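Here is how the chains run, residue by residue.
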Amino acid sequence: MPGLLRGIARTAVVAGTATAVSNRVSRRQGGRWAEQEAQQQQQAAAAAPPPPPAPAPAPTMADDMSSRIDQLKELGALKEQGLLTEEEFAQQKSKLLGG
């Protein structure tokens, strides 16, 4: 009988050790896989191109008109200072007004 108990005890110790080792290996592999996935996600995020910039809002009719008025005022000031001739002023004004 003592030989039988010794055999059963030895089997229990071996089985328990095998289970503990197997669980430890599984946990280590799971940790490594999780680490690899995190690294791959970081690399993918770093390699992804940035989103395109939002389009600029289209100018409204009022914005366009005030911009043209400002440009006409600048042209008038340049003409008054003598930096533009009458012909140059007329030419730039026609370009600005689209005609």
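Notes on the structure follow. (Residues numbered from 1 in each chain as written. Predicted model: local features only at pLDDT ≥ 70, side-chain atom pairs only at ≥ 80, totals over all residues. Heavy atoms only, no water.)

Section: the overall build of the protein chain
Within the protein chain, the regular secondary structure consists of three helices and zero strands. Each helix (α) and strand (β) of the protein chain, taken in turn from the N terminus, gives the series α-α-α. The 99 residues of the protein chain split such that 5% are buried. Carbon and sulfur atoms make up 60% of the accessible area of the protein chain, which amounts to about 8700 Å² in all. (Helix = DSSP H or I, 4+ residues; strand = E, 2+ residues; numbered from the N terminus. Buried < 20%, exposed > 50% of the residue type's maximum accessible area, 1.4 Å probe, protein only. Areas by Shrake-Rupley, 256 points an atom, 1.4 Å probe, with all protein chains shown as cover.)

Points about a nonpolar patch on the surface
Residues Leu4, Leu5 and Ile8 make up a contiguous nonpolar surface patch of roughly 320 Å² in combined accessible area. Positionally, Ile8 belongs in helix α1 (residues 2–47). (Patch = residues over 30% accessible without salt bridge, like charges linked within 9 Å, V, L, I, M, F, W, Y side chains within 5 Å. Salt bridge = Lys/Arg side-chain N within 4 Å of Asp/Glu carboxyl O.)

Description of helix α3 (residues 86–97)
Compared with an ideal rise of 1.5 Å per residue, which puts twelve residues at 16 Å, α3 spans 16 Å between its outermost C-alpha atoms and is within 8% of the ideal. Phi turns positive, to about 75 degrees, at Gly98, one or two residues after α3. (Expected span 1.5 Å × (residues − 1).)

Brief notes about the environment of Leu83
Inspection of the secondary structure puts Leu83 in the loop between α2 (61–80) and α3. With a relative accessible area of 57%, Leu83 lands in the exposed category. Filtering out sequence-adjacent residues up to four positions away, Leu83 remains in contact with Leu78 and Glu88. (Contact = heavy atoms within 4.5 Å.)

Some details on the pattern of salt bridges
Per the counting criterion, the structure on display carries one salt bridge. Lys79 serves as the salt-bridge partner of Glu86, at 2.8 Å between the closest nitrogen and oxygen. When its relative accessible area of 51% is taken as the criterion, Glu86 is described as exposed.

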